[in-house]
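# An overview of the molecular structure
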Amino acid sequence: MELQHKDSTQSKGTCTCSWCKGSGKRGRRTCPDCNGLGTLHLVDCPDCLGTGVSRDRGVCKTCKGKKAVSSVEADRIHTAREKYDGYLQNPAGVFFKSIACYIAIAFTARSVWDQMCVTLEFLFDAEMIFPSGFILLLALSILFKQWNNLIKGSTNDADGSKPRTIGTVLFIVGILTAIIAGPVTSDGFGWMESKAKNTLNDKILKSSSVQCLEVELSRKVDYTYFGKAKMSNGESKDIVARFVKTGRSHTRHSHLKFKVTVDLL
Ligand SMILES: [Zn+2]
Ligand SMILES: [Zn+2]
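Here we summarise the structure given alongside this text. (Residues numbered from 1 in each chain as written. Chains lettered and ligands numbered in written order. Predicted model: local features only at pLDDT ≥ 70, side-chain atom pairs only at ≥ 80, totals over all residues. Heavy atoms only, no water.)

## So, the coordination of the zinc ion (ligand 2)
The following threshold applies: Only nitrogen, oxygen and sulfur atoms within 2.8 Å of the metal, or 3.2 Å for Na, K and Ca, are treated as donors, and water is left out, so sites may look incomplete. The buried label goes to any residue with under 20% of its type's maximum accessible area, the exposed label to any with over 50%, and the partly exposed label to all in between, with areas taken from a 1.4 Å probe on protein chains only.
Coordination of the zinc ion (ligand 2) by the protein comes from Cys45 (SG), Cys48 (SG), Cys60 (SG) and Cys63 (SG), over a distance range of 2.3 Å. Binding-site remark: the zinc ion (ligand 2) is held by donors from one chain whose sequence spacing is C-x2-C-x11-C-x2-C. Assigned by exposure class, Cys45 and Cys48 land together as buried.

Right under this line is the structure:
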């Protein structure tokens, strides 16, 4: 962060907005931190109260001895401190929140992973990523925020090392839950299996008295999947399922178009 002190008794000066690097833009949008100005006001560092010295007489870790931080950073530190104080008063709240996140991640990670195994491009289609992907990302971001608040809120607190460790562990467990529930336990066929079953029942077996109970895919070559369909009359038939992209129109709100076709062998 570049500091440019001005001769003013009121203002501590301004600094270049570190989030947009002074451009005032983030991608196509106006930078929300500096409202497009490219600069931020400097205020007294909340952790050392503008002295640049930490409580243990070392250099303040938050402002790195510069005595001031940007107004946006100061707001974030205040919020993190409030959350950290909340944790000290009620540690169980953080654990309950984490457990709720783990459950959400465990239930959604596999379906997101299954979709991702069909095609990554497909995953970014807004219609498909909702709700599983949305819930997964939300749960991970809650865990991340919780961890970030415990770290930031306790920077200059000598007793903060235990909460920091707990926050880090809770966040890492969230990521491990996502990996175990997704890439480790999934064979990547789950999403295609349910689509293939629906296609069989809705199209091919529509007027038949026999219905497909379950599809089990075991092998794929590009977007062609091979497996077996269990029928309601006890038979098991070999099937080939194909994921077919039918193109994407170039308008902004369009969705990737696709269909799943199935052939009974
Ligand atoms: Zn900015
Ligand atoms: Zn400081």
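## Comments concerning unusual backbone geometry
Going by this rule: By definition, any uninterrupted DSSP run of H or I lasting at least four residues is a helix, any uninterrupted run of E lasting at least two residues is a strand, and each is numbered from the N terminus.
Phi at Lys21 takes a positive value of approximately 55°, unusual for a residue other than glycine. One can find Lys21 in the loop between strand S2 (14–16) and strand S3 (25–26). Here the phi dihedral of Asn35 falls at roughly 55°; this positive angle occurs in a residue that is not glycine. Residue position: Asn35 is located in the loop between strand S4 (29–30) and strand S5 (39–44).

## Brief notes about the coordination of the zinc ion (ligand 1)
Put simply, the rule is: Any site counts as irregular unless it has four donors with all angles between 85 and 135 degrees, making it tetrahedral, or four or six donors with opposite ones more than 155 degrees apart and the rest between 65 and 115, making it square planar or octahedral.
Protein coordination at the zinc ion (ligand 1) comes from Cys17 (SG), Cys20 (SG), Cys31 (SG) and Cys34 (SG), with a distance range of 2.3 Å. What the 4 donor atoms of the zinc ion (ligand 1) show is an angle range of 101 to 114° at the metal, which sorts the shape as tetrahedral. Ordering the donors of the zinc ion (ligand 1) by residue number gives the pattern C-x2-C-x10-C-x2-C. The same class applies to Cys31 as to Cys34, namely buried.

## With respect to the pairing of strand S8 (residues 224–231)
Operational definition: Note on pairing: two strands pair once DSSP finds at least 2 bridges between them.
Inspection of the sheet shows strand S7 (residues 212–221) paired to S8 by 8 bridges, in the antiparallel sense. Across the sheet, residue Val221 finds its bridge partner in S8, namely Thr224. Hairpin connection from S7 to S8: 2 residues lie between these consecutive antiparallel strands, with Asp222 at a positive phi of about 50°. Relative to strand S9 (residues 236–245), S8 is paired through 7 bridges, and the arrangement is antiparallel. When the bridges of S9 are listed, Phe226 appears paired with Val240.

## Section: the sheet that holds S7
This is how it is decided: The axes are straight lines fitted to the C-alpha atoms, using for helices just the contacting stretch, and the angles between their N-to-C directions are given from 0 to 180°.
Strand order in this open sheet of 4 strands is S7-S8-S9-S10, and the pairing throughout is antiparallel. Of all the strands in the sheet, the pair left with one neighbour each is S7 and strand S10 (258–264). Neighbouring strand axes in the sheet, compared pairwise and without regard to direction, differ in orientation by 30° on average. Taken together, the 7 bridges between S9 and S10 define a ladder with antiparallel strand orientation. Following the sheet pairing, Phe243 is matched in S10 by Val260.

## Focus: the packing of helix H5 (residues 132–153) against helix H6 (residues 161–184)
Filter applied, for reference: For this classification, under 35 degrees means roughly parallel, over 145 means roughly antiparallel, 65 to 115 means roughly perpendicular, and everything else is oblique. By convention, the crossing between two helices is left-handed when the near helix turns anticlockwise from the far helix through less than a right angle, and right-handed when the turn is clockwise. Whether two residues are in contact is decided by their heavy atoms: any pair within 4.5 Å suffices. Any residue that is not Ala, Val, Leu, Ile, Met, Phe, Trp, Tyr, Cys, Pro, Asp, Glu, Lys or Arg is counted as polar, Gly included; the first ten are nonpolar and the last four charged.
The N-to-C vectors of H5 and H6 enclose an angle of 165°; their axes lie 8 Å apart at closest approach. One finds that H5 runs roughly antiparallel with respect to H6. Here the hand of the crossing between H5 and H6 comes out left-handed. Judged by residue contacts, Leu136, Leu140, Leu143, Phe144, Gln146, Trp147, Leu150 and Ile151 of H5 engage Pro163, Arg164, Gly167, Thr168, Leu170, Phe171, Gly174, Ile175 and Ala178 from H6. Among the residues forming the contact of H5 with H6, the class breakdown is 12 nonpolar, 4 polar and 1 charged.

## Remarks on the pattern of salt bridges
What counts, and what does not: For this document, the term salt bridge refers to a Lys or Arg side-chain nitrogen within 4 Å of an Asp or Glu carboxyl oxygen.
A complete count under the given rule lists 7 salt bridges for this structure. Across the salt bridge formed by Asp33 and Arg26, the nearest N and O atoms sit 2.4 Å from each other. Using a relative accessible area of 16% as the deciding quantity, one classes Asp33 as buried. A cluster of three or more residues bridged by salt bridges with shared partners is formed by Arg26, Asp33 and Arg76.

## Structural notes on the side chain of Ser132
The test is simple: Definition of a polar contact: a pair of N or O atoms within 3.5 Å, with one able to donate and the other able to accept a hydrogen when the atoms are protein atoms, and with sequence-neighbouring residues admitted only if both atoms are side-chain atoms.
The topology assignment puts Ser132 in helix H5. We classify Ser132 as buried; its relative accessible area is 16%. Engagement of the side chain of Ser132 in a polar contact is seen with the side chain of Ser111, the distance being 2.9 Å. Among all residues touching Ser132, those that are not within four sequence positions of it are Thr108, Ser111 and Val112.

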